Amino acid sequence: MSTEEINTIVHDFTISQGAIPAPLNFQGYPKSVCTSLNDEVCHGIPSEDVILEDGVFVGKDVILGDNVYIERGTIIHDNVEIGANTFIGANSILGEHLAGYYKDRENFKQPKLSIGEGSLIRSGAIIYGDVKIGKEFQTGHRVTIRENTMIGDFVRIGTNSDIQDGVRIGNH
């Protein structure tokens, strides 16, 4: 289901009840809903280009670029940004928690995961928070990328690879 379809459902129901959607035209906002998934707010205007399959969990402070496709069983934790034209394979975990989360869940601040535009994350990938990935990135299946890692543009990481904490990979 696209976030635009969610917007249409909310809009039509609200109008059928004789009400006006509160966000619609508020300070120029063009839609009837601010997309909300799993009780958390995703930044962005609903779009036909953002497709979420059933069983996708999206945390708070998640930014999805245009034309992002996310397959079922994927978990996107808080504070993740995914660039436009990106594909996320099934059963992936993006923004995996760091060890500090398990010591103090109430006060833990999730570090950002940023994935550049045009990326392909294949199924079973686990990418921790505190990772910055450039554009046109590709993984094989079941790749793990740990925190404090920076990866440049046009990089490919092969199937079953394990990139540990603090790795720097340049472009290409």
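Everything quoted here is computed from the prediction, not taken from an experiment.

In this structure, Ile76, Ile82, Leu94, Ile127, Ile133, Phe137 and Ile145 are the most contacted members of the largest nonpolar core, which totals 25 residues. When contributions to this core are tallied by element, the ones reaching two or more residues are β5 (62-64), β8 (80-82), β11 (113-115) and β14 (131-133).

What follows concerns the sheet that holds strand β13 (residues 126-128). Through backbone hydrogen bonds, the strands of a sheet pair up, either in parallel or in antiparallel fashion. Spatial ordering of the open sheet is given by β4-β7-β10-β13-β16-β19, a layout of 6 strands whose pairing is parallel. Single-partner strands in this sheet number two, and they are β4 (57-58) and β19 (162-163). Relative to strand β7 (residues 75-76), β4 runs parallel, the two sharing 2 bridges. Looking at β7, one finds that Val58 is bridged to Ile76.

Attention now moves to the environment of Gly89. Along the chain, Gly89 turns up in the loop between β9 (87-88) and β10 (93-96). For the pair Gly89 and Ser123, spaced 34 residues apart in the sequence, the C-alpha separation amounts to 4.1 Å. In this structure, Gly89 is in contact with Glu71, Thr74, Ile121, Arg122 and Ser123, ignoring residues within four places of it in sequence.

Despite not being glycine, Asn91 shows a phi value in the positive range, around 60°. Of note, Asn91 is situated in the loop between β9 and β10. Backbone geometry places Asn148, a non-glycine residue, at a positive phi of 60°. Position of Asn148 among the secondary structure elements: in the loop between β16 (144-145) and β17 (149-151). By relative accessible area, which is 33% here, Asn148 ends up partly exposed.

Cut-offs and rules
- Residues numbered from 1 in each chain as written.
- Predicted model: local features only at pLDDT ≥ 70, side-chain atom pairs only at ≥ 80, totals over all residues.
- Heavy atoms only, no water.
- Core = buried A, V, L, I, M, F, W, Y, C linked by side-chain atoms within 4.5 Å.
- Buried < 20%, exposed > 50% of the residue type's maximum accessible area, 1.4 Å probe, protein only.
- Helix = DSSP H or I, 4+ residues; strand = E, 2+ residues; numbered from the N terminus.
- Pairing = 2+ DSSP bridges.
- Contact = heavy atoms within 4.5 Å.

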